[in-house]
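# Report on the structure
Each chain is listed here by its residues.
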Amino acid sequence: MEILIKASQFILSLSLLIVLHELGHFIPAKLFKTRVEKFYLFFDYKFSLFKKKVGETVYGIGWIPLGGYVKIAGMIDESMDTEQMQKPAQPWEFRSKPAWQRLIIMLGGVIVNFILGILIYICLMWAYGEKYLPNESLKDGVWVQDQLGKDLGLETGDKILTIDGQKIEKFRELPLEFINGTNYTIERNGAVVEKEIPTDFISKLVDRGKDAGAFIMYRQPFVIGQVPEDSPNSKSELQKKDIITAIDGVSTPYFDQVQVILESKKGQEINVTVKRNSQNITIPAKVSDEGKLGIYATNLPLTDLEKLGYYNLAEKTYSFGEAIPAGTKKAWTTLTNYVKQMKKILNPSTGAYKGLGGFISIGSIFPSEFNWQAFWNITAFLSIMLGFMNLLPIPALDGGHVVFTLWEMITGKKPGDKFLEYAQITGFILLIALLLFANGNDIVREVSKFMK
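Not measured: the values here are computed from a predicted model. (Residues numbered from 1 in each chain as written. Predicted model: local features only at pLDDT ≥ 70, side-chain atom pairs only at ≥ 80, totals over all residues. Heavy atoms only, no water.)

In this section: the pairing of strand E13 (residues 269-276). The pairing of strand E11 (residues 243-247) with E13 spans four bridges and is classified as antiparallel. Pairing of Ala246 across the sheet is with Thr273, part of E13. Where E13 and strand E14 (residues 279-286) come together, eight bridges link them in antiparallel fashion. Counterpart to Lys275 in the pairing with E14 is Asn280. (Pairing = 2+ DSSP bridges. Helix = DSSP H or I, 4+ residues; strand = E, 2+ residues; numbered from the N terminus.)

In terms of residue burial, strand E10 (residues 222-226) counts as a mostly covered element, since four of its five residues are buried. Pairing of E10 with E11, which is carried by two bridges, proceeds in the antiparallel orientation. The partner of Phe222 across the bridge, within E11, is Ile244. The pairing of E10 with strand E15 (residues 296-298) spans three bridges and is antiparallel. Each residue of the ladder has a partner; that of Gln226, found in E15, is Tyr296. (Buried < 20%, exposed > 50% of the residue type's maximum accessible area, 1.4 Å probe, protein only.)

This next bit is on the packing of helix H3 (residues 99-128) against helix H12 (residues 398-411). Two elements in contact, H3 and H12, have axes whose closest approach is 9 Å; the angle formed by their N-to-C orientations is 160 degrees. Between H3 and H12, the angle is such that the two are roughly antiparallel. Where H3 crosses over H12, the handedness of that crossing is left-handed. Contacts between H3 and H12 involve Ala99, Trp100, Arg102, Leu103, Met106, Leu107 and Val110 from the former and Asp398, His401, Val402, Thr405, Leu406, Glu408 and Met409 from the latter. Classifying every residue of the contact of H3 with H12 gives nine nonpolar, two polar and three charged. (Axes fitted to C-alpha atoms, helices over the stretch in contact; angles between N-to-C directions. Parallel < 35°, antiparallel > 145°, perpendicular 65-115°, else oblique. Left-handed = near helix turned anticlockwise from the far one by under 90°. Contact = heavy atoms within 4.5 Å. Nonpolar A, V, L, I, M, F, W, Y, C, P; charged D, E, K, R; others polar.)

Whether parallel or antiparallel, the strands of a sheet pair through hydrogen bonds between backbone atoms. On the basis of which strands lie adjacent, the open sheet formed by four strands has the order E6-E5-E7-E8 and antiparallel pairing. Both edges of this open sheet fall to strand E6 (166-167) and strand E8 (191-196), since each of them pairs with a single strand only. Inspection of the sheet shows strand E7 (residues 183-188) paired to E8 by six bridges, in the antiparallel sense. Its bridge partner lying in E8, Ile186 is registered against Val193.

Written out as structure tokens, the structure is:
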């Protein structure tokens, strides 16, 4: 069921983005009296799931969910209709239109993607506002959960001040900033320390796997989630939801502090102070030879931690007028972060290319339970990503056509139809190779998880 929910959201989001992107080409083509022969959601190689001709245009749904297209008469595109190009140009064909009109037609799709992303973010800011954990609220620093964080140079208790010289306002943005950044500063034991982000950090992050969880977290108290029957403390008075606040009189507001003390008390009997329904209770307990209490801990949501006085969450609401600059800024930040990640991918030394994913990766970012806020957030991100990717100067993408048209406008020389045909074939081969590589990465990761 979880896979079905994720897949349904992915297909709905993808379909919406494809239709609107293609409308971005369709509408200016019609305005400039250019014939549009096909308007398709998904590709229709050999046959269509649905098609209907209205006027001069066939509208349909293909069976290959890899995108969609509009077939504009007199244009070398993914349909590779070279037979039409061998005939004399007609006034209603794309190739007969002035270069500035062809440029607008080709840019229409990416413009729609960027505008759609901005509009969605504006509406999200207006409807939901923002609630987040300010980075400066972590007065006792971060919790470094595994070796990756230590390889990065972090220690539990470090206060992260800046990344690439910029203060990070929201704690949830830290992991992405570490991915995009090159250096950072921390406060450790009262001293400010500057550190470099290792070049292979992204490679290690990818190898670690996304199921490993966050490599840094806000610090949590030790909240008892379960006392198993085979625990050495199964007969003790420790109960579910108890919060361990001290061990042998030593204050332990955080989980990591409990771990350190237990490690030093292996095989001993201790007194554990817990907070239960606003009361402090001291309970005798046993520490195993491995330095464990033999109980399961559970994490508290941020709202509960705020009630307990650990953190102060920030909450912002926006009027529609205020949401416009806030949503636009969010869209711009999303775009610039994506560009930074693309630069990392193109640098082999970072190993970021190993994290490149296909349909499985994209589909997996949708939540396992349908949530409109999450759905629209992801759709806005995908819209901006789709706009940027289509703007790349690769033949077979909108950006490739734009480059050729700009060349014509600057030099006055139009590329020949044969050149455009070969360029389209080359670009299509590049895109197929990229698609195979990205989805191959997905398959390798899924097989690796199965083999573990």
